[in-house]
Amino acid sequence: MVTPEQNQYEPIKSVHQVPLEEFYSSGHRTCQGCESALTMRHLAKAAGPRTVVTGSTGCMYVANTSYMTTPWIIPWMHTQLGAAGASALGMSAGLRALMRKGRLAEERINVIAFCGDLGGGDMGLSGISSALQSNYNLLIILYDNESAANTDIQATGLTTYGAQTTFTPPGSAQRIMQRRWKKNVAGMMAVGHPTCRYVATACATYPPMDLMNKVRKALSVGGPAFIHTFCPCPKGWDYHPRYSHEIGELGVRSGIFPLYEVVEGQVRYTYDARKRRIPVREYLTKQGRFAHLVDEDMDHIQQMVDEMWEKWEVPGVAPFKGPLSEA
Amino acid sequence: MTHTLTATGNAYVSEELLTGCQAVAQGVRLADVDVIAAYPIRPYTEVMDLISKIIADGRLTAEYIIADSEHGQFEIVKHASSVGARAFAGSSGTGWLYGFEALAVTATDRLPVLFLVGNRALDDPGAFGVEHNDALAVRDLGWLLCWVTTPQEALEHVLIGYRVAEDRRVQMPMALAMDGAFLTHSQHIVRIPSVEAARKFLPPYDLGDRRLHPDNPISIAPQVNEDWVMEIRRQNWEAARRAPQVIAEAYREFDAIFGTDYASSPFFTEFMTEDAEVVLVGLGTVAAPARTAVRRLREKGERVGYVGLRWFRPFPTVPLRECLRRFQAVGVIDRDFAHGSPDDGGILLHEIRSCLYPAAERPAVVNFIIGLGGRDISIADCQRMFDLTRQAVGAAGGDGLVRWIGVRE
Ligand SMILES: Cc1ncc(C[n+]2csc(CCOP(=O)(O)OP(=O)(O)O)c2C)c(N)n1
Ligand code: SF4
Ligand SMILES: [Mg+2]
């Protein structure tokens, strides 16, 4: 018998095994080529109908979920910009209490909360951290389009170094206003929450089906889980929508967005950029947001990416530089 | 309030010496709350200390979550409520305001959670003592807001609060306010209701077709913009207008089960007002020195009385107008401030002046700002407020006068 604590999903090995049924469907008003919306579609498809979802304010609320035309076929609720973690805790606690008291049938109901890079990666960090310390089966998905996209593309703590946004325009005195290096949220979650059993990064299109399988794993391991997804945004990153998938793939293959899973403390690379990486220029030069960068800037970014893969104690995951000194 | 045991006799099972916070914790146990989210701030925290012990001792089955912040705390209970769980949280002072965004949407989402607000000053400079601006900050957002004055009332209003908040006609969150220190931490003998009587009064929480569950796959709070937000605000408004009737009903049933007497004056209590010429009106524990002052002045033959407002939202406009118009002068006690407001008075002053405005003959209304940051309000202070209120009768420019009492000028 499957206890409420367990979930059993088939892994999706080929496109033929992808469920046909949609739980995030038409009705949203996101831009063409919006990879954040694709993340929503895949997470819903992978999780299936016995799921409740909350989403924090951002494009995936404002552009995504309009009254009378909601794309959500599974139950969905808005949560405040910094409240993804709290919303997951609240729903999980509510469902568990009702099941313990016999007021709801015992079954495993998936609890998923999503947030953007600003809502989750900056404002909502403490709430997500709190959720990942809990003993509920919940999943937080941070969809990262590298800006506060909904409010017109402002830089966040997760925006790539050097990118142009409405808060970081290139000017005659300063070419680069975004001088912060991208915050390493998944690594931070993995390192900071020793009992969290599953942390992963993913990209909805590359490798194909990977995100869906990671969502299923996250929902099966038992306990809280966190997935950080890389979501190219044609409007904010300034490229033609037809290239969204390609930009995602270039981001992964250049190693600028590391793809991995941490399962019970073990790191597994989904794309091992230690072994093969394409130059980061191939990714940067396809996007208008980097058009103002000069060679020197690109070299700097390349050097930071190389360091991440060659010098970090846990490449792509944890930025300590070994070996450890004696006490 | 005096209580008498009726034929139902065993509606109360024991007596215990409890503080206001401890009484609320007992109320939470008796309401069989499902989810509690805690975060520490004085003075409300004691309620969470005791609830955790009640759960640890197996006297309540509930999920107890230690939140990362008040914002997290309030969002946790909001979302727990949306899946059909009865939920409890609370805060004080700056903590209450830290979670303010969540408080606003809990009301617009019409989720009937219950919060304890242990009133506290809003800091800088630091002050732990009572001031009412914290709880009053939600007064226009679609909250039920009520002040209790004894631990007994506090316990009982957890049950009454959930009952009103969860009623299909209302479905609004409930803030149960009590004065920091003077009630949160002052001990009284409290009669504890039996579990059976509490269950009889408070049915299980049922959010019906608004519950978020895979078998009821709705979308809650989608983006509506100007297309729909007015209609939704209008529904909130209508719910608030239905609340007084539901409160009155709840009190009648409570009285029938527990032998209390709330229903005869549900929204405010009157003390020695029958033949009074001059009354003071206030919220919370100022009732104690004010009533003693009334007794002492009456010994000297002065016709004075006290009106203690219990429900601030919904505001009991018509009954309070009918009550207050009988007097020659009304002194409004504000343990809060409203800088730059009409008359430069307190918040309660404005509510009462506005409530009295349609009356053809109005008493003179004066205002006292007193007891901020937990400064003691003495019996002598209350006697002085009565004197000053009486002086406003017939005096030119007396009406609307605002005075700060007990302040170093
Ligand atoms: C507390 C709060 N502050 C600010 C806003 C305004 N706001 C709405 S969406 C948004 C951007 C969110 O960015 P992100 O989380 O990255 O999501 P995205 O829009 O990029 O999908 C902001 C700042 C808000 N809704 N709530
Ligand atoms: S701005 Fe970007 S994230 Fe927002 S809907 Fe458009 S593509 Fe998607
Ligand atoms: Mg974003």
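Not measured: the values here are computed from a predicted model.

**Q** How should the site of ligand 1 be read in this particular structure?
**A** Near ligand 1 you find 17 residues, and of these Gly119, Tyr143, Ser147, Ala149 and Asn150 of chain A are the closest. At the site occupied by ligand 1, nearby residues are drawn from chains A and B. Between an oxygen atom of ligand 1 and a main-chain N or O atom of Gly119 of chain A, the distance comes to 2.8 Å. In this structure, an oxygen atom belonging to ligand 1 sits 2.9 Å away from a side-chain N or O atom of Asn145 of chain A. Looking at which element gives the most residues to the shell around ligand 1, the answer is helix α4 (residues 117-123) of chain A, with four residues. The residue makeup of the shell around ligand 1, split by class, is seven nonpolar, eight polar and two charged.

**Q** Would you take a moment to explain the sheet that holds strand β16 (residues 402-404) of chain B for this structure?
**A** Paired through backbone hydrogen bonds, the strands of a sheet run either parallel or antiparallel to each other. Residue and element names in this part refer to chain B. Here we have six strands laid out as an open sheet, ordered β10-β12-β11-β14-β15-β16, and mixed in their pairing. The open sheet is flanked by β10 (268-271) and β16, the only strands paired with a single partner. Ignoring strand direction, the axes of neighbouring strands in this sheet form an average angle of 20°. Relative to strand β12 (residues 304-309), β10 runs antiparallel, the two sharing four bridges.

**Q** Would you mind going over the layout of surface pockets with me for this structure?
**A** Empty pockets left among the atoms are what a rolling probe the size of a water molecule brings to light. Here the largest pocket is characterised by a volume of approximately 1,400 Å³. Of all the secondary-structure elements, those providing two or more residues to the lining of the largest pocket are β2 (76-79) of chain A together with α5 (100-108), β9 (219-220) and α9 (225-258) of chain B. With 12 residues, α9 of chain B is the largest single contributor of residues to the lining of the largest pocket. Residue composition of the lining of the largest pocket, grouped by class: 21 nonpolar, 13 polar and 12 charged. In terms of lining residues, the second largest pocket is bounded by 24 residues, among which Thr149, Gly284, Thr285, Ala287 and Ala288 of chain B are the most central. At the level of elements, α10 (287-299) and β12 of chain B are the ones that each hand at least two residues to the lining of the second largest pocket. By residue number, the principal contributor to the lining of the second largest pocket is α10 of chain B, which donates four residues. Residue classes in the lining of the second largest pocket are distributed as 10 nonpolar, nine polar and five charged.

**Q** Which parts of the structure should I look at to understand the environment of Ala190 of chain A?
**A** Along the chain, Ala190 of chain A falls in helix α6 (residues 185-192). Ignoring any residue separated from it by four or fewer positions in sequence, one finds Ala190 of chain A in contact with Val199 and Val262 of chain A.

**Q** Is there a simple way to explain the pattern of salt bridges in this structure?
**A** A side chain of one charge can pair with a side chain of the opposite charge if their charged atoms are brought near each other. As enumerated under the stated definition, the model contains 48 salt bridges over all chains in all. Where Glu107 of chain A meets Arg50 of chain A, a salt bridge forms, and the shortest distance between an N and an O atom there is 2.7 Å. Highlighted residues: Glu107 of chain A in the loop between α3 (84-100) and β3 (110-116) and Arg50 of chain A in the loop between α1 (35-47) and β1 (51-56), separated in sequence by 57 residues. Judged by relative accessible area, which is 21%, Glu107 of chain A ranks as partly exposed. Residues joined in a network through salt bridges with shared partners are Lys101 and Arg103 of chain A together with Asp32 and Asp34 of chain B.

Thresholds applied
Residues numbered from 1 in each chain as written. Chains lettered and ligands numbered in written order. Predicted model: local features only at pLDDT ≥ 70, side-chain atom pairs only at ≥ 80, totals over all residues. Heavy atoms only, no water. Near = heavy atom within 4 Å. Polar contact = N/O pair within 3.5 Å; in protein donor to acceptor, adjacent residues only side chain to side chain. Helix = DSSP H or I, 4+ residues; strand = E, 2+ residues; numbered from the N terminus. Nonpolar A, V, L, I, M, F, W, Y, C, P; charged D, E, K, R; others polar. Pairing = 2+ DSSP bridges. Axes fitted to C-alpha atoms, helices over the stretch in contact; angles between N-to-C directions. 1 Å grid on protein atoms, 1.4 Å probe; cavity = no way out; pocket = protein on both sides within 12 Å on 5 of 7 lines; lining within 4 Å. Points joined across faces, edges and corners; volume = space filled by probe spheres on them. Contact = heavy atoms within 4.5 Å. Salt bridge = Lys/Arg side-chain N within 4 Å of Asp/Glu carboxyl O. Buried < 20%, exposed > 50% of the residue type's maximum accessible area, 1.4 Å probe, protein only.

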